[in-house]
Every structure is written in C-alpha cells, then in structure tokens.
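For reference, the chains in residue letters:
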Amino acid sequence: MIETYPEIREAVTRLCAKFPGQYWRECDRQMAYPAEFVQALTEAGWLSALIPEAYGGAGLPLSAGAAILEEIHKSGANAGACHAQMYTMGTLLRHGSEAQKQKYLPSIADGSLRLQAFGVTEPSSGTDTGALTTTATLTKDHYVINGQKIWTSRAEHSDLMILLARTTPLTEGMKSTHGLSVFILDMREALNNGLTIHPIKTMMNHATTEVFFDNVQVSTDNLIGEEGKGFRYILSGMNAERILIAAECIGDAKWLIDKATNYAKDRSVFGRAIGQNQGVQFPIAKAYANMRAAELMVNEALRLYEAGESPGAEANMAKMLAADASNEAANVAVQTHGGFGFAEEYDIERKFRETRLYQVAPVSTNLILSYLAEHTLGLPRSY
Ligand SMILES: Cc1cc2nc3c(=O)[nH]c(=O)nc-3n(C[C@H](O)[C@H](O)[C@H](O)COP(=O)(O)OP(=O)(O)OC[C@H]3O[C@@H](n4cnc5c(N)ncnc54)[C@H](O)[C@@H]3O)c2cc1C
C-alpha cells in the first residue's frame, strides 16, 4: 500500500481554493503565466517536496508528489505551469555531481531559482529523440551549443534548463541514442549570449516556447554525469514523469466527473433532473469506473517505484490509462453540460482543452502502446 497523505491533500486543496476558476480564466484570456499560483506553491514548499532534506527540500517520496499534483488538478487548477520542477530535478539529483547539487538544489528548494525548462524535443526529430541535431561542441573549458528546441515549456519563466544535446556526431553504425549529453544551462546568463526564446500560442495556456541556440557557451562544470550518456539519464527520469502526469490526469478526471455529476443533479429538463436519464448518468458512471481503474494502476506504478523497481510498463500504462480517463471525463462533462459545456464561465471547456494535451505529451499514446508491445509482449520493434 502506498501512503495517501490526507494532510498534504487538505493543505494543497486549501491553497488552490485561493485560485478559483475566475483566476484561471483571466490567465487564459491574457495567455498569462499563473505567477501568483506558482509563487504560492513555492512558498508553501510544495514544489520542493521531492528534493532531499539535505538540499533544503522536504525529502518526500514520489507518492507525495503525485498526491500534490493530483490535488491541484482535482481543485480545477493546473500544475502544468510548474510540475516539471518535480521531475527535471531528478536528473540533477540522480546523475549530477555533489558540487552541482550543492550549487543548485538548495536554491531550487527555497524558490530563488526555478528549474522549470526541459529541452529535449526538436522540430525535426519529434518523438525520435536520437535524431536530435542540437550540438554541444567541446572547446577548452566550455561547450558551445548550436541548434533549436521546440515545445520547451516554461522557458520564459525558468532560470535553469535541463538540456539534451549531441556531443558526438552520429556516424554510420552508431546507435542514435548514444553520444547525447545532458547539461544544466543557466538561462539567465545565456539569454544575452546567443539564447533566444519565442513563445508558441497553443490551444491551452501552457507557456510553451521554441528556443534557439546560437553559439551559447556552457561551462564543462555544467555537464551532468558523463559525456555521451545523456539519453540514459533522461530515460531514467521518465517513469517518475509519467507517474506524476498520470496523477494530474486522475485529478482532472475527478474534477470533471464531480462537475458533471453535480450539474446532472441540478439541471432540470422535461420536468426532471437530467441525471435521472440513463443516457446521461451511464456515461458519467463509466467515466468514473475508468478513472478508478486508472487510479489503481497509478498506485501500482507508485508502489513498484517506491519499492526500488523500475516499473516502465506500469508507469506507461498509468499515464495512458489516466490520460484516457481524463479525456473521457472531459468529453462526458462537456456533453452533460450541453451548451454550457462550451461557456467559458463553467471552466469545463478549459479543462477539456487542458487535459487533451496528455494524449500527446510528454509521450504520445502510440509510443506507450509500442513500448508495451515490444517490452512487455515481446512483439517486434515497430520503429
Ligand atoms: C503543450 C506542449 C508542451 C510540451 N512541453 C515539452 C517540454 O517542456 N519539453 C520537451 O522536450 N517537449 C515538450 N513537448 C513535446 C512533446 O513531448 C511532444 O510533442 C511529443 O513527445 C510528441 O512529439 P511530436 O510533437 O514531435 O510528434 P511526432 O513525433 O511528430 O508524432 C506525431 C504523431 O505521430 C505519432 N507517431 C510518431 N511516430 C510513431 C510511430 N513510430 N508509431 C506510431 N505512431 C507514431 C505520434 O504518436 C504522434 O501522435 C510539449 C508538447 C506540447 C504540445
């Protein structure tokens, strides 16, 4: 059994109550970063929950992080503005040197530095990470970065970026995931020295960007772990990332099912509550059942993760099932609300747009299915 953290959940819910639908609608309208919300979470220590106590964090396990993120989403809020810190930090924690951890983690924990940007995806490589073309070329005491990233979320609101770049040119016969390295990039220094950031407008307010590197210098001190092993380091954080995103989807699904249920009870058409019709109540009940099943998989993935295993299949299944559950709940909530499902003031259409993302990012459903087909079922690799 994993812990359920009732006290943490209650405290996070109380904090989120200060940021009601109106706040999120206003941020949406302005396409504004929810800075006040992120600040409040930072001050309350929730964003540093997973940083070990030795570096100024709360030293809580992944299940606590999942509880925090689920509760944020269950409150109708959105952790997309800041959730990356919980999993990008893991790359530094697991593979960084003691000097790097001492330099960055305490400041991330106390909120004076933000590590919210994660530069992996590129326009030409997409899901095929090994095909990325951003290079880091070693000179005497620093690397020079050239290339482009896309969908680098929160880059405008982050001080640091975990960056994956190619340090060894891809040659024939070489595995494409070899020769990649991870850096911790100080974007404050880089911004006046070859780094440019362009926001990308998306269907939801996600503060995502494209980032260009034109001879950006990074000290060799900022290489994480060994040169050339970066893909493995990034991969080692994927289970945690998938589980945390799955927890957010469970939170979204719960919020949406709750809204649909309450509306179905209150809305009267043909002289009775619409929720009295099986055509209205069954889809909500089905969405609930699917959410609960997904939640069990999230808990199983957490259990295995905290037992020290590497639950690739469970983390992937948790992410896929939870994203499916929240997507289904969003559809049902729109349908139950009829016309009002499309009205901004009900927040249903906002959640519908927000939760749709998790069919595609941080890993798309197809890639999860091909992982399961290959690694769990032993079918031939399809790509
Ligand atoms: C709002 C947003 C925020 C994001 N934030 C970040 C971030 O902070 N950092 C970061 O690095 N990235 C980020 N991403 C990128 C995200 O991880 C990618 O969009 C995602 O992994 C899919 O890659 P792609 O968009 O290049 O799609 P593509 O790789 O071009 O794929 C397009 C479609 O084809 C399917 N497909 C591709 N190959 C196969 C195959 N072999 N078999 C079956 N189907 C296949 C995919 O499933 C997908 O549906 C973000 C994306 C979005 C939209």
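One numbering rule holds for all chains: residues counted from 1, following each sequence as written. A pLDDT threshold of at least 70 governs which residues receive local features in this predicted model, and a stricter bar of 80 or more applies before side-chain atom pairs are shown or counted, although totals over entire chains, interfaces and linings include all residues.

1. Focus: the overall build of the chain
Stage number 1. The way it works is that DSSP assigns letters per residue, a run of H or I at least four long becomes a helix, a run of E at least two long becomes a strand, and they are numbered from the N terminus. From N to C terminus, the chain includes 13 helices and 10 strands.
Stage number 2. The reference for a compact globule is 2.2 Å times residues^0.38; the radius of gyration itself is calculated from the C-alpha atoms. Expected size for 383 residues packed as a compact globule is a radius of gyration near 21 Å; at 21 Å, the chain falls within 12% of this value.
Stage number 3. Counting all 383 residues of the chain, 48% fall into the buried class.
Stage number 4. The contact rule is simple: place each C-beta atom from the backbone, and if two of them lie within 7 Å, those residues are in contact. Counted over contacts in the chain with a minimum sequence separation of 6, partners at least 24 positions apart contribute 73%. Any residue whose C-beta has 12 or fewer other C-beta atoms within 10 Å is treated as exposed, any with 20 or more as buried, and any in between as partly exposed, C-beta atoms being built from the backbone.

2. Focus on the environment of Leu69
Stage number 1. Locating Leu69 in the fold gives a position in helix H4 (residues 62-74).
Stage number 2. Non-local contacts of Leu69, meaning those with residues more than four positions away in its chain, are made with Ala79, His83, Leu244, Ala247, Glu248 and Gly251.

3. Re the pairing of strand E2 (residues 135-138)
Stage number 1. Here E2 pairs with strand E3 (residues 142-150) via four bridges, running antiparallel. Looking across to E3, one finds that Leu138 is bridged to Tyr143. One bridge is not enough; two strands pair if DSSP finds at least two bridges between them.

4. A look at the domain arrangement of the chain
Stage number 1. An automatic or database domain assignment is the source of the domain bounds shown. Annotation of the chain at the domain level lists domain 1 (6-109), domain 2 (115-229) and domain 3 (235-376).
Stage number 2. Between the C-alpha centres of domain 1 and domain 3 the distance comes to 21 Å.
Stage number 3. Facing 24 residues of domain 1, the contacting portion of domain 3 comprises 21 residues.
Stage number 4. If you list the elements that add at least two residues to the side of domain 1 that touches domain 3, you get helix H2 (21-30), H4 and helix H5 (84-95).
Stage number 5. The element that contributes the greatest number of residues to the side of domain 1 that touches domain 3 is H4, accounting for 10 residues.
Stage number 6. For the side of domain 1 that touches domain 3, the per-class residue count stands at nine nonpolar, nine polar and six charged. Classification convention: Asp, Glu, Lys, Arg as charged; Ala, Val, Leu, Ile, Met, Phe, Trp, Tyr, Cys, Pro as nonpolar; all other residues, Gly among them, as polar.

5. So, the nonpolar core
Stage number 1. Residues Phe183, Ile243, Val298, Ala318, Ala322 and Ala329 are the most contacted members of the largest nonpolar core, which totals 115 residues.
Stage number 2. No other element matches helix H9 (residues 238-266), which puts 15 residues into this core.
Stage number 3. Contact partners of Phe183, with chain neighbours within four places excluded, come to Ala136, Tyr143, Leu163, Ala165, Val218, Asn222, Leu223 and Ile224. Note on terminology: a nonpolar core is any set of buried Ala, Val, Leu, Ile, Met, Phe, Trp, Tyr and Cys residues joined through C-beta atoms within 7 Å.

6. Thoughts on the site of the ligand
Stage number 1. Using a C-beta atom placed from the backbone for every residue, we mark a residue as near a molecule or strand if that atom lies within 6 Å of it. Taken together, 22 residues lie near the ligand, and Val120, Gly126, Thr127, Trp151 and Ser364 sit nearest.
Stage number 2. Only strand E1 (115-119) and helix H13 (365-376) provide two or more residues apiece to the shell around the ligand.
Stage number 3. The dominant element in the shell around the ligand, judged by the number of residues it contributes, is H13, at three residues.
Stage number 4. When the residues that make up the shell around the ligand are grouped by side-chain class, the tally is 10 nonpolar, 12 polar and no charged.

7. Observations regarding the environment of Thr137
Stage number 1. Locating Thr137 in the fold gives a position in strand E2.
Stage number 2. Thr137 sits in the partly exposed class, given 14 other C-beta atoms within 10 Å.
Stage number 3. A C-alpha to C-alpha distance of 34 Å links Thr137 and Asn316, two positions 179 residues apart in sequence.
Stage number 4. Excluding residues within four positions of it along the chain, Thr137 makes contact with Tyr143 and Val144.

8. Looking at unusual backbone geometry
Stage number 1. Cis geometry is found at the peptide bond from Ala361 to Pro362, where omega equals -5°.
Stage number 2. When you line up the elements, Pro362 lands in the loop between helix H12 (348-356) and H13.
Stage number 3. Although it is not a glycine, Ala207 adopts a positive phi angle of roughly 50°.
Stage number 4. With respect to the helices and strands, the residue Ala207 is situated in the loop between strand E6 (195-200) and strand E7 (208-219).
Stage number 5. Positioned with a positive phi, Phe270 is a non-glycine residue whose angle comes to about 55°.
Stage number 6. Note that Phe270 resides in the loop between strand E9 (268-269) and strand E10 (272-273).

9. Notes on the packing of H9 against helix H11 (residues 312-337)
Stage number 1. Across the interface, H9 lies against H11 with an axial gap of 8 Å and an inter-helix angle of 20°. Here H9 lies roughly parallel to H11, going by the angle between them. The hand of the H9/H11 crossing is left-handed.
Stage number 2. In the contact of H9 with H11, the residues fall into 20 nonpolar, six polar and four charged. With axes taken as lines fitted to C-alpha atoms, and helix axes fitted only over the stretch in contact, angles between N-to-C directions fall between 0 and 180 degrees. When describing relative orientation, an angle under 35 degrees is termed roughly parallel and one over 145 degrees roughly antiparallel, while 65 to 115 degrees is termed roughly perpendicular and anything else oblique. Handedness of a crossing follows from how the near helix is turned relative to the far one, being left-handed for an anticlockwise turn of less than a right angle and right-handed for a clockwise one.

10. What about the packing of H5 against H9?
Stage number 1. Between H5 and H9, whose axes approach to 9 Å, the crossing angle comes to 170°. The angle between H5 and H9 places the two elements in the roughly antiparallel class. Each of Met86, Tyr87 and Gly90 in H5 lies in contact with H9, whose residues at this interface are Ala240, Glu241 and Leu244.
Stage number 2. Looking at side-chain class alone, the contact of H5 with H9 contains four nonpolar, one polar and one charged residues.

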